[in-house]
Structures are given as C-alpha cells and as structure tokens.
Amino acid sequence: MKIAMLHWGFPPVIGGVETHLIFLMPELCKMGHEVFLLTGSAEGSPDEFEFQGAKITRSPYFELNSIFKGDMQETDGEAKKAICGFLDKSKPDVIHAHNMHYFCRYHTWIVENYALEHKIPLVLTAHNSWTDKLFLDLTCKVAWDKIIAISRYIKREIMSVGFPEKKIEVIYHGIDSDLFCPGKPSRKLFKYHPQLKGRKHVVFNPARMGLVKGCDITIEAFALVKKELPDAFLIMSGSSNIIDLGQQQGKDISYFRGLIKQLEIEDSVYINTFSIDKEMPDLYRMADVVIYPSIFEEPFGLAMLESMAAAKPIVVTSVGGMPEVIHDDVNGYVVPRRNHVLLAEKIIKLLKDNELRGQLGRTGRQQVEGLYTKEIYARKIIKVFEDAIKDYFPKPLKYSNPR
C-alpha cells in the first residue's frame, strides 16, 4: 500500500503528533508499505530525505508558524503546487492527514479536492478538537472517508458537531516499548547533564513548557513536596523546536522561572531540552514519579505511555482522554485540574512508598505490552485504511493507485 501522510511539523520540530509520526511511519514501512510525508520546512533540515524507510518532503508552504503569522496568502498558488506535486509523486492508495481539520481551510480544501478528483480515500487522524467555526467546517464539511480519534474523548467531540459515528474509529497511540523500557539510565545522561547525578526522590514533568500543560501547577506542587521531602528534585522538559502559535512559550517559561525563584526552589529544579530518542527514555528511567497535570482537555497524552512503558507510575489530571488510560491504584493517579495540593499529596505518597511505586509501574508496563505498542497501533491503522479503501471501492482491489 502507498500511504501519503500530511502534517504541519516533523523533527526537529517536535510535539505530540510529531513524536507519534516517528513511531508510526517506520513501523508501517517494516510491514511492507510505502510511506510518504509532506510537512513544513525546518531550519537545517533538507527539503527531501528518508527517515527509517519513509520518504519526507518539506515545503515552506506547509509550515504552520508562517501560515499563522500571515506570511503567505490563503489562496497562495504555491501551496497548491506543493501539495498536488507531492501527491502526484507519491501516487497514494490512501491519503492520511493529521490535524488538517483545523489551522488552514485552503490547504485542507486542496487535499480534499485532489482526493475527490483522483478517487483516493481520505483519512484524518484527529489529534485535537477545538470550539470554533473553523473546526466545525473542516470536520463536517470535508469529505473524510474515515476519522481516527485518538481517544473516546476526541470521538465524543467530533460526534458532538454532527460527524457520523460510523465513520469514526478510536485508536489509542502506540509506543516504542523497546526504546521506552525499565532499567537504569545510561551514563551518557549524567555526562551531558551532570546536575542530575546522585539525585533522589526525582519527579519528572515531561510536558512541553506551557501554562496549558499545568507547569505552574507542577512548580507549586513541588514546593509542597520539598517541605515534606527536602532532597526531592524536579526535572522539567523544556521545548525549543515546536509549533509555537503566537510565540507564547517564551512568555510562559519566563513566568515559570520567576515562580521557581519566588518559591525558593531554584536549587532543586532542572529545566532543559532533551532529545526524544536519546535522553527522554533515560529521564523516565531515572524518575521515581512522573506527572502530567494539564489544565486543558488533553486529547490523549503520549507521556502516559512513555511513563508506563518505563514502568513508572504517573499522576495526571482528570481532563480529556487521560482518565481513559490512567486509573487510581492501578497504574497511577488522577487528580482534579489546577489542584496543586492534591497533586503534591499523590507525589509524596508515591515517593514514600517504594513497593507501591513498583506495583503501579509493573502494571503500567504490562498494559503497554498488551495494548499500546507501536506494532499493535500500526496494525490497527492499516485496518482503517483497508476499510476505507473497501468502502470506497466495493470490489476487491490490490494496492494499486485507483487512478
């Protein structure tokens, strides 16, 4: 099968969807499929290259920060040339768009018109939902043959605006359970981050630095943890190359640093950027407790699977799709949003009880192995593609371009 994917960002630009793609695409290639991705430009990255079997094409006309800032007109003919040229070259059996039910009508309409004209099934993975007319129009007025919702929460959001349930499939993300696994962190982590050596009672917040991710709640909770456990240490994963609409992240980080200083915990908090494949797995292995206290309706939260795969308990908030995966006294804890006191209580409880941490961590690891590996996820994605093709062409087809 030839699969043409489209998403606004790809590493070195990083975020939840980008991380998801670096796990999914190579797995599809291992299964024998041809995978192509059109994405935005990134400084220092070539316009065309191969990533573990997948063929990547970059275009400045698919770069979301530029679109958001108004650097290009919505009706810019160059965007159409870039998208149609990519699809002409890849000759897909199925087109798989990621989060193209928001951000830019023009780009989505180009993809839709191409799919209709060339009779190619069009699949959307909805990694998020929004509450405005753009979301309404691009979810319900575009000819999606299937929508993959990354949680039951997202499925409810899509159904609530009138998209038919029979066309929605819920598929939870998958994780590289070999990369994210239990064990001890490598010595390289401490070579490049000597501030981490010898730390005890380590709390890890892997979310990108932002108010919507509850990083201020993390800091306030940790100040309470420090009063109970003076040697506790907090690691926060900053983000540099992200799709930062409105350039908000810098303002948020400035506030967080001020808050840390105000609470007098500067010597016990480490903020830095970390690579997904080389450093993040080691940080999970080093952590005693992982926290993810988002305050907005988190669609899923890939950090949950990363933590579980490393056999570490995680504390999340009762928002979006996270309570679908994390359950109290099973693999972690769920607390109300914006409640730093309850968050601190759960962290302290876990830090003080080695046996409880081990029990919850082992359960999480078992759940990942049975439900959330990248292999399981890829097989489910292919089944959606096959169903979309079958519904589009009732007579059996081999995977050849339907043109």
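The rules behind the values
Residues numbered from 1 in each chain as written. Predicted model: local features only at pLDDT ≥ 70, side-chain atom pairs only at ≥ 80, totals over all residues. Heavy atoms only, no water. Helix = DSSP H or I, 4+ residues; strand = E, 2+ residues; numbered from the N terminus. Buried < 20%, exposed > 50% of the residue type's maximum accessible area, 1.4 Å probe, protein only. Contact = heavy atoms within 4.5 Å. Areas by Shrake-Rupley, 256 points an atom, 1.4 Å probe, with all protein chains shown as cover. Lys, Arg positive; Asp, Glu negative; His and termini not counted. Charge placed at Lys NZ, Arg CZ, Asp CG, Glu CD. Phe/Tyr/Trp six-rings, centres within 6.5 Å; stacked < 30°, edge-to-face > 60°. Salt bridge = Lys/Arg side-chain N within 4 Å of Asp/Glu carboxyl O. Expected span 1.5 Å × (residues − 1). Pairing = 2+ DSSP bridges. Axes fitted to C-alpha atoms, helices over the stretch in contact; angles between N-to-C directions. 1 Å grid on protein atoms, 1.4 Å probe; cavity = no way out; pocket = protein on both sides within 12 Å on 5 of 7 lines; lining within 4 Å. Points joined across faces, edges and corners; volume = space filled by probe spheres on them. Nonpolar A, V, L, I, M, F, W, Y, C, P; charged D, E, K, R; others polar. Parallel < 35°, antiparallel > 145°, perpendicular 65-115°, else oblique. Left-handed = near helix turned anticlockwise from the far one by under 90°. Core = buried A, V, L, I, M, F, W, Y, C linked by side-chain atoms within 4.5 Å. Disulfide = S-S within 2.5 Å.

A. How the structure looks around the overall build of the protein chain. Looking only at helices and strands, the protein chain features 14 helices and 14 strands. Seen through its C-alpha atoms, the protein chain measures out along the principal axes to roughly 65 × 45 × 40 Å. By residue count, 57% of the 403 residues in the protein chain fall in the buried class. At a minimum sequence separation of 6, the contacts of the protein chain that also span at least 24 residues come to 71%. Split by element, the accessible area of the protein chain, about 17,400 Å² in all, is 50% carbon and sulfur. Measuring between centres, the 52 positive side-chain charges of the protein chain sit 3 Å from its 51 negative side-chain charges.

B. Looking closely at the packing of aromatic side chains. Enumeration over the complete set of coordinates arrives at 16 aromatic pairs. Feature note: the residues Trp8, Phe62, Tyr102, Phe103, Trp130 and Phe135 constitute an aromatic cluster, connected by ring pairs.

C. The arrangement of the environment of Trp109 in detail. Position of Trp109 relative to the elements: it lies in helix H4 (residues 105–118). Given a relative accessible area of 40%, Trp109 falls into the partly exposed group. Separated by 175 residues in the primary sequence, Trp109 and Tyr284 have C-alpha atoms spaced 41 Å apart.

D. Local environment of the pattern of salt bridges. If you walk through the whole model with that rule in mind, you get 19 salt bridges. Its salt-bridge partner being Arg105, residue Asp137 comes within 2.8 Å of it at the nearest N-O pair. Of this pair, Asp137 sits in helix H5 (residues 133–140) while Arg105 sits in helix H4, placing them 32 residues apart in sequence. Judged by its relative accessible area of 24%, Arg105 falls in the partly exposed class. The salt bridge involving Arg338 is made with Asp216; its shortest N-O contact spans 3.5 Å.

E. Inspection of helix H1 (residues 16–30) at higher detail. The end-to-end C-alpha distance of H1 is 22 Å, a good match for the 21 Å that 15 residues give at a rise of 1.5 Å each. For H1, the buried fraction is high: 13 of the 15 residues fall into the buried class. Gly32 occupies a position one or two residues after H1 and carries a positive phi of about 100°.

F. Local environment of the sheet that holds strand E8 (residues 168–170). The sheet built from 8 strands is open, its strands ordered E3-E4-E2-E1-E5-E6-E7-E8 with mixed pairing. The two strands at the open ends of the sheet, each matched to only one other strand, are strand E3 (48–51) and E8. Across the sheet, the mean angle separating the axes of adjacent strands is 25° when strand polarity is ignored. By the bridge criterion, 3 bridges tie strand E7 (residues 146–149) to E8 in an arrangement that is parallel. Paired with Ala149 across the two strands is Val170, which belongs to E8.

G. Representation of empty space enclosed by the protein. Evaluated as defined, the whole model comprises 2 cavities of 30 Å³ or more. For the second largest cavity, the calculated volume is near 30 Å³. Lining the second largest cavity we find His20, Phe23, Leu24, Gly174, Lys374 and Tyr377. Tallying contributions element by element places H1 first for the lining of the second largest cavity, with 3 residues. In terms of residue class, the lining of the second largest cavity is built from 3 nonpolar, 2 polar and 1 charged.

H. Expanded view of the packing of helix H8 (residues 215–228) against helix H12 (residues 340–352). Running from N to C, H8 and H12 cross one another at 50°; their axes reach a closest spacing of 8 Å. Here H8 lies oblique to H12, going by the angle between them. Pair H8 / H12 crosses with right-handed handedness. From H8, Ile217, Thr218, Glu220, Ala221, Leu224, Val225 and Glu228 reach across to H12, where they touch His340, Val341, Leu343, Ala344, Ile347, Ile348, Leu351 and Lys352. Taken together, the residues of the contact of H8 with H12 break down into 10 nonpolar, 2 polar and 3 charged.

I. Examining unusual backbone geometry more closely. Here the amide bond leading from Pro11 into Pro12 is cis, since omega sits at 20°, within 30 degrees of zero. Within the element layout of this structure, Pro12 appears in the loop between strand E1 (2–6) and H1. Despite not being glycine, Asp329 has its phi angle at roughly 60°, a positive value. You can call Asp329 partly exposed: its relative accessible area is 43%.

J. Geometry of the nonpolar core. Judged by nonpolar contacts, the single largest core of 105 residues is most densely connected at Ile3, Met5, Leu6, Met25, Ile95, Trp144 and Ile235. Take this core: its biggest share by element is 8 residues, from helix H14 (residues 374–392). Setting aside chain neighbours within four positions, we find Leu6 in contact with Leu37, Leu38, Phe62, Ile83, Phe86, Ile95, His96, Ala97, His98, Met100 and Val111. With 33 residues, the next largest nonpolar core counts Val225, Met236, Val335 and Leu360 among its residues.

K. Here's a closer look at the state of the cysteines. Tallying each qualifying case throughout the model produces 0 disulfides. A disulfide-free cysteine, Cys140 has its sulfur positioned 18 Å from the sulfur of Cys104, the nearest such atom.

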